[in-house]
Amino acid sequence: MSLNDKQELFALNVAAGINQTEACVNAGYSRNGAAAAACRLMKNQAVLARIEGLKKQQNRLNKNINKIVNNDVNTDVNPVKSGSPPNDDPLQFLVMVMNDDNWPHKLRIDAAKTLMPYKHGRIGETGKKEAARDVAIEKSRAGGLSARLEQKGLKQVK
């Protein structure tokens, strides 16, 4: 029996390690009935078989990635092109992995995710004090009183 779209998404989420209730919500089930739906889906033999198949596939992929990273694979499959990876700087290694087309796509994405905080800072919401300070700085850059007097054609007396 084949799975419908929601069941397939549920299986993918559970195999990825997300808890069952959140996996149901991510798959499109109602948040109110997600726990009951998760229980019902975990009793479905087709869903359980799909989850096991996905976990086995993930384990095989992890073993292959470990072999590649540990240089246990033949040189024609080894994604490290020439020389050894830089041992002294992990950032250089991650940049090399991210930019090299020979590495598996998932590993390149993980390297890019790891590098994100080093290249781009988080944009956080500012509080009231920071917002007031920023407004004051912008107003001071506008020139304040002396700029307004010059616009009217008046000179400031000292």
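A quick note: this is a predicted structure, and the numbers were derived from the prediction, not measured.

Each value, and the rule that gives it
Residues numbered from 1 in each chain as written. Predicted model: local features only at pLDDT ≥ 70, side-chain atom pairs only at ≥ 80, totals over all residues. Heavy atoms only, no water. Axes fitted to C-alpha atoms, helices over the stretch in contact; angles between N-to-C directions. Helix = DSSP H or I, 4+ residues; strand = E, 2+ residues; numbered from the N terminus. Parallel < 35°, antiparallel > 145°, perpendicular 65-115°, else oblique. Left-handed = near helix turned anticlockwise from the far one by under 90°. Contact = heavy atoms within 4.5 Å. Nonpolar A, V, L, I, M, F, W, Y, C, P; charged D, E, K, R; others polar. Salt bridge = Lys/Arg side-chain N within 4 Å of Asp/Glu carboxyl O. Buried < 20%, exposed > 50% of the residue type's maximum accessible area, 1.4 Å probe, protein only. pLDDT = per-residue confidence, 0-100. Core = buried A, V, L, I, M, F, W, Y, C linked by side-chain atoms within 4.5 Å.

Our next topic: the packing of helix α5 (residues 90-99) against helix α6 (residues 105-119). One can describe the packing of α5 onto α6 by two numbers: an axis separation of 8 Å at closest approach and a directional angle of 135°. In terms of axis orientation, α5 runs oblique to α6. The two elements α5 and α6 meet at a crossing, and its hand is left-handed. Counted together, Leu-91, Leu-94, Val-95, Val-97, Met-98 and Asn-99 of α5 and Leu-107, Arg-108, Ala-111, Ala-112, Thr-114, Leu-115 and Tyr-118 of α6 form the full contact between these two elements. Grouping the amino acids of the contact of α5 with α6 by side-chain chemistry returns 10 nonpolar, 2 polar and 1 charged.

Attention now moves to the pattern of salt bridges. Oppositely charged side chains may form a pair once their charged atoms are brought near each other. Summed over the entire model, instances satisfying the criterion amount to 4 salt bridges. Among the ionic pairs, Arg-50 bridges to Glu-8, the shortest N-O distance being 2.8 Å. Here Arg-50, found in helix α4 (residues 45-69), pairs with Glu-8, found in helix α1 (residues 5-15); they are 42 residues apart in sequence, far enough to count as distant. Residue classification places Arg-50 among the partly exposed positions, given a relative accessible area of 32%. For Glu-8, a relative accessible area of 23% corresponds to the partly exposed category. Across the pair Lys-106 and Asp-110 runs a salt bridge, and its minimum N-O distance is 3.4 Å. One end of the pair, Lys-106, and the other, Asp-110, are both in helix α6, 4 residues apart, so they sit about a helical turn from each other. For Lys-106, a relative accessible area of 40% corresponds to the partly exposed category. On the basis of relative accessibility, which here comes to 28%, the residue Asp-110 falls in the partly exposed class.

Summarising the model, the protein shows a mean pLDDT of 77, and 73% of its residues fall at 70 or more. Low pLDDT, under 50, characterises residues 73-78; the predicted model gives this stretch 5 contacts beyond four residues in sequence or across chains.

Formed by 16 residues in total, the largest nonpolar core has its most connected members in Phe-10, Val-14, Cys-24, Tyr-29, Leu-41, Val-47 and Ile-51. If you list the elements that add at least two residues to this core, you get α1, α2 (20-27), α3 (34-42) and α4. Excluding anything up to four places from it in sequence, Ile-51 contacts Phe-10, Ala-11, Val-14, Ala-15 and Met-42.

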